Structure formats: C-alpha cells, structure tokens
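Here is what each chain is made of, one letter per residue.
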Amino acid sequence: MNVYLVALLRILAALGLMLLNGVVLIYMLRKVLGYLHVRLGPMELGPHGVFQTLADVLKLLTKEDPTPTHVDRALYFLAPGIVFVPSLMAYAAIPFTGTWVIADLELGLLYTFAIMSLLPLGLVAAGWASANKWSLIGGMRSVAQQVSYEVPLLMAALPPVMIAGSLNLTDIARAQSAVWFWLPCLPAFLLFIVAGLVEANQTPFDMSEAESELVAGFATEYASMKFGLLFLSEFSNTFIFSSLLVTLFLGGWQVPFVPVDALGGWAAVVFLIKVYLVIFVLMWIRGTLPRVRIDQLLAMGWKVLLPASIVWVMLTGAAVKLWPMVFGGVQ
Amino acid sequence: MSDARDTVAHAGWLTADKPSLPDEIPLTLKRVPSGVDEVMTEHLVVNMGPQHPSTHGVLRILVELDGEEVIACESVVGYLHRGIEKLAEHRRYSAVGTLMDRGDYVSGIHNEMAFALAAEKVADIGVPRRANWLRVLMGELNRIASHLVWYGTMGLDTGAMGQFLYAVRDREDLLDILEDVTGQRMMFNYVRPGGVLNDLTPRAEKKIRAFLSTFDAYLDEHHALLGGNEIFQARTRGIGVIDKETAIAFGLTGANLRASGVSFDVRRDRPYAAYDEMDFDIPVAESGDIYARYLVRIEEMRQAARICRQCIDGLPEGEHTAKVAKVLRPPAGEAYAAVESPRGELGVHLVSDGTDRPYRMRYRPPALFGLQAAEAITPGTFLADAVAIFGSVDVVLGEIDR
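This text gives an overview of the structure that appears in the document. The model shown is predicted, which means the values in this text are computed figures rather than measured ones.

Notes on the pairing of strand 2 (residues 60-66) of chain B
Residue and element names in this part refer to chain B.
Thinking step 1. Direction of pairing for strand 1 (residues 44-48) relative to strand 2: antiparallel, over a ladder of five bridges. Note on strand 2: the bridge partner recorded for valine 45 is glutamate 64.
Thinking step 2. Direction of pairing for strand 2 relative to strand 3 (residues 69-76): antiparallel, over a ladder of seven bridges. Opposite valine 63, over in strand 3, you have cysteine 73 as the bridge partner.
Thinking step 3. Between the end of strand 2 and the start of strand 3, which pair antiparallel, lie two residues, with glycine 67 showing a positive phi angle near 70°.

Written as structure tokens, this is what we have:
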C-alpha cells in the first residue's frame, strides 16, 4: 500500500482516538466525580446520561465564540492549536500492543517527553494572548511547574529504561513479561505518578487553572471550540500520562500468567482497560484532595522529587550492573 | 476597607507587617501599581471579584501582586447592599424578621433572634420557657448548617471539591428539618418578638433525633477528610495568623476570636434565650491560624449537636409564644441585644419612638470585622493563601453589606 496513505490513516487513527478519549473522559469525569461526590451526574440524555457528552460537543461547536477586544489576535487564535498539536503527536509512540503502534520509534520515550514539553508553550501563549491577568498568572504557573517537573519525570522514567535496556516503549513493555516494573522500581513508580500529575496538570497540582484562585487560569477568555481544543488536549494529556505509566511500570498490554500470544487482539483492550483504571485513580485523587500552593509545589519538585529521583537512578544503575555479577548473567 | 467611592482613605498602611495606625496617611493611592523593584518589574493589580469563584458572593478584593505574593489588598464591599437597616424603619415590628433573614442568609435564625430579643427588651415582653428552648434548638441546628457551609467552602477555597458536596449532603437534612418546623428552608421568619412561630411537630422531632443520631459520626468523617489531610494542613497551619491583640483590636468575635486564644462567647458570657440552662463547652485554640479557626468551628458543630440533644430531651411543656399584640407599639426607648451567630456577636440596637415601626435599627454584622482583619493579615502571603484567609474568617456578604 501507498506509504503516504498508511501514514495518513495512522494520523487519522490517532486523531480519532484522541477525540474518542475526550468523549469518554468527559463522561467518566462527570460520573466518577459524581458518584464520589454522592450525586448522580448527568442522567437525562440516554440511559445514565450517556449521550450528555454528545450534547456537550454540539454545544461547544455551535456556541458563539466572542473574541475579547484587547487580545493579541494571532496568538490568541494560534494558542489552542499549539496546545492541541503536541497532544496529538504524543500518541505516535504509545504501544497499544506489541505490534499496534502508530510509529515504532527507537527513541519513543524521549520523543514523547520532548513533544509533551512543548505544551507549556501553548499554555503560556494562551495566557499571554488573552489580555487577562488571571490567564497570565495561569500561563506563568504552567511554565513554572512544567519546567520544574520535567526533569524529575524523566528521571523517574529512567529506571525501567535501564532495566529494559531500551528507549523504545514497545521494548520496555515487552521486557516486563516476567515482572512488572512497578515492583522493582517502586520509588520511581511513585515519583513518576507525582511528577506526572503535575505534568498532566491534575489535582492536587492543577495550578494553571486553579479555579478557586485563578477563575479558569489560561482558559478564562476562551469559549466555544477553542476552549474545547484546550480541554481536549488536557484530557488527551491525561491519557498520554496514564499510558506512559502503564507502559513503563504496569506491563503495557500484558496480563500476568497469560502468554502474550493467547491474548491476540485483546491485548489492546487490556492496555486500554489499564489506562482507564489509572485515569480512574487520577479522578479519585481529584475528587478528594485539596490543591497545594504553587511555592510548595515548586519546593517539592526541586528539593524532594529531583534528589530522590537522582538517588534512585543511581541505585538502579548500580543494581543493574551488579545483578549479573552476583547471579551470573540472569538479567 | 473602603466603599466603592472612597479612593484615598488609609491608603497603604496595611502593607506593614503588623497592622497599626499610620503615623501619617500616605498620599499615594494604594490602587495604583506602586511597586517597581530592582529588576524593573511592575506589580500587578488584579480585581478579585465581584465575579470570582471564591469570594463567597459578591466581595471584591483589589489585590496588588508581586508575582504570586500579595503586596497589598483592599476589600470593596457594598455590592449586595439592600438597605436592611433603612428598610426596617418602614416595617412593623412583626415584619422586620423577614429582612433580618436576608441579612446573613446562611444563619437566618440567629439574625431573627437578635432582632426579636431587642424588640422584646424594648417592648418588655416576657418569653415562655418552651419558646426559649425552641429558639436554642433551632439556633443550634442553624449553626451546624452554617458551619457546614463554611467547612464546604473552605474545602473549595483550598481546591477540594468533594468536601463541599459532603457538607451540603448533611446540610440538606438540616434544611429539611428547618423547613418542617418553620415552613422555609432559609428565610425562616420563625423567631418573632414574644416567642417562635410554630411549635415542634412530632415528625420534626423524629427528624431531629434521626439527624443527631448520625451527625457525630459524619462530623468525624468530615474532619478526617479535610482536617486530616496533609495538603490541607500544609496550606493552613501557620498561615493567616491573627494574634490575640490584633483580634481584639479589630473587634473580632465568634470562632475567629476564639481561634486566637480569647475565650469569649455571648452564649456563655451574656446568656440569652435558654443558654444559661444548657451545658456546653467553648472551644478555644491558641495559634490563631486558619487551621485553628477550622478546628474551633469543627468543635463548635460537635457542641451544637450536644446542645440540640439537651434541648430535644428536656424540652419543657408550655406555650411556644407569649400573647403579643398583633401590632406591636413599644414605648419610646432603646435596647441592644446580641446573639452568638455562627460568625460571632451579632447585635441589634433598636430605637423605638412609640410608634408601630422602629425609629432606627442598627445591625452589627460580625463578618464585617472578620473581613477587615483578613484584609489586614493578607499582605505578605501568596495569592492562594489570600483566598484561604478570606474564606477562613467566614465572610457572608449578605451580612456585611446588609
């Protein structure tokens, strides 16, 4: 088949997945948070309100989209795109099964992190262009937190890489056929969750849109589908973070004691179930915890997470080197 | 503190570490971004409110920010002003209660009670014992409801959404009870000069007992969920400290004062209704920070439930209201009556000129004093702290603006 056609289909698949994920997450957010909060969430449209999301999307698409007077127009229109595109690109290296991956990159992990680090650019652009002080503070916060937590996040992802000996996400997932890496790398696993929560802008670290402080942060002046794009990308980031967590620490598409061949096409379903379980936990956290303060967040990043992740990388490095020496080549 | 027209008054003096009276009033306007530091960055002045998610209604706070740090802040009140004091001069005594409900709409019973007590003093009306007990019962139920709202919004202000909904779940039971007894969920007009509107029905009594049987356990859950949370403690311990002197200087009352280590409670020190017959403790905390105010309010809910239990078990027989003329015409004179509302000492000073309407009614809103103190201690904290501090002193704009 035509190479370009295949590439195009893959991109469309990623886009479809992203949109579908947005739809699922909006519904899940409402229902999970609803039941956590002893309320029902939407119940009117369809059984248990399943079509509510559809109505939401229609609303976002058809809503009037006023542009505030003093915005920096070019940047204001561009910013949702700058946020949206990296989110979409980040799907490329996520392995859904051993063979289902949009682009099987040798440096998949590095690629994903590099792409995700473009996000604050869009957020700060949105904050700056909106000509709103709350948006500006939100944008600045997002940069501060993403810059501070990029390093601990990457450091926390290194131990699995060292054990698997590859930066290819598919290889890392495959290397967990014996034991999922969360067990041997427990501290890194926890560090990754915390740093990932910050990177995915999730409660208790949702600094840049802290609604009780900053109204809606960088998204304050956005309406209609521009707002939709900002939030779609946020949902998509949650998905990306969860799938990275699943790939790096929770065995990817594998199920314990079941040979990979026996799973066949169900492997992708297993992967998605794991991802949404992680997202469920994130929502659980969101429904329960208060928000930390920005200075506490930054202090924690530089003073706790960074040293801890460096120490754990060193320990893992030593262990990976010593293990074959002690146990005679069983790596 | 200033109203919307006032631009010059006491500008800048709140930027000092400790509030004190200024030696000379600076001529610069506080609202103009004044700070330019050594790297030539300007301060940012933002309008927090009147439309903002965490200003508890329509409070407007002008905040001067240096990055995330609050350099100065100034609250602007009056967006909810309805002229309750003036309107009261044109209402018969029996009708002022409806206005008072709309003052502090979170704890209507206490507002009515303050007015009813003042009217009874000035008209020299005796209240039956059962009516006094019912007042205490309803007042304490209302106090729990009000503190639950505070607890929930404190959660919202620190970024936790669930706590608000859990608090509202319990408050719903309380509003249900209050509706059963008074006919209204929030605008009760239940406490009238001479007694109360309705007697307790057996159904309401059953509901109250059912509520009280579960509330302590629920309260423990609430406390564990928010107060036991590491993040909440990091956000509130040592933040927004109002020391003893400041608290007294600003005229704080209620839980805000008790959290600063002053044991003063109108219910105990100047008892009204049937509080002299009740057995309850006054919780006091020493540290004066947000967490202390939180702890004091949680304990107050427990004590309120305790008082409710005493009321419902020992409710004396008798009339629920004295025989009062339809149109009350107190003799000329004046009286001040204060109640311990959930926000502090809520006082009503009533002047009668012998007609069927008050000549003047003055309403002391405790939340206003809390707001002023919060405004004074906020500079030097972070933006997120400012939200928590203003939430922690329990501002209710209906009461502040009147």
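Still more to cover.
Concerning the interface of chain B and chain A
Thinking step 1. Taken residue by residue, the interface counts 27 residues in chain B and 22 residues in chain A.
Thinking step 2. Here the residues of the side of chain B that touches chain A sort into 15 nonpolar, seven polar and five charged.

Focus on the nonpolar core
Thinking step 1. Counting 210 residues, the largest nonpolar core has Phe192 and Phe249 of chain A together with Ala114 and Ala373 of chain B as the members making the most contacts within it.
Thinking step 2. With residues up to four places along the chain from it excluded, the contact list for alanine 114 of chain B reads Ala337, Ala338, Val339, Leu346, Gly347 and Val348 of chain B.

Quick notes on the sheet that holds strand 2 of chain B
Residues and elements named next belong to chain B.
Thinking step 1. With antiparallel pairing, the three strands of this open sheet are ordered in space as 1-2-3. Only two strands of the sheet have a single partner each, and these edge strands are strand 1 and strand 3. When the angles between neighbouring strand axes are averaged without regard to direction, this sheet yields 20°.

What about unusual backbone geometry?
Thinking step 1. Of note in the backbone geometry, histidine 48 of chain A takes a positive phi value of approximately 50° without being a glycine.
Thinking step 2. Among the secondary structure elements, histidine 48 of chain A is positioned in the loop between helix 1 (3-36) and helix 2 (52-62).
Thinking step 3. In this model, alanine 273 of chain B sits at a positive phi of 45°, which is unusual for a non-glycine residue.
Thinking step 4. Mapped onto the secondary structure, alanine 273 of chain B falls in the loop between helix 10 (266-269) and helix 11 (290-314).
Thinking step 5. By the C-beta count within 10 Å, which is 22 here, alanine 273 of chain B ends up buried.

A look at the sheet that holds strand 8 (residues 358-364) of chain B
Residue and element names in this part refer to chain B.
Thinking step 1. Pairing is antiparallel in the open sheet, where three strands are placed in the order 6-7-8. Edge positions in the open sheet fall to strand 6 (333-341) and strand 8, since each of these has one partner strand only. Shown here is a sheet whose adjacent strand axes are inclined to one another by a mean of 15°, direction ignored.
Thinking step 2. Of the strand pairs in this sheet, strand 6 and strand 7 (residues 344-352) are connected by nine bridges, and their pairing is antiparallel. Within strand 7, the position partnered with glycine 333 by the bridge is serine 352.

Comments concerning the pairing of strand 8 of chain B
Residue and element names in this part refer to chain B.
Thinking step 1. Pairing analysis gives six bridges linking strand 7 to strand 8, with the strands arranged antiparallel. For glycine 347, the partnering residue across the bridge sits in strand 8 and is arginine 364.
Thinking step 2. Hairpin connection between strand 7 and strand 8: a loop of five residues separates the two successive antiparallel strands, and glycine 354 in this loop has a positive phi of roughly 90°.

How each quantity is defined
Residues numbered from 1 in each chain as written. Chains lettered and ligands numbered in written order. Predicted model: local features only at pLDDT ≥ 70, side-chain atom pairs only at ≥ 80, totals over all residues. Pairing = 2+ DSSP bridges. Helix = DSSP H or I, 4+ residues; strand = E, 2+ residues; numbered from the N terminus. Contact = placed C-beta atoms within 7 Å. Nonpolar A, V, L, I, M, F, W, Y, C, P; charged D, E, K, R; others polar. Core = buried A, V, L, I, M, F, W, Y, C linked by C-beta atoms within 7 Å. Buried ≥ 20, exposed ≤ 12 C-beta atoms within 10 Å, placed from the backbone. Axes fitted to C-alpha atoms, helices over the stretch in contact; angles between N-to-C directions.

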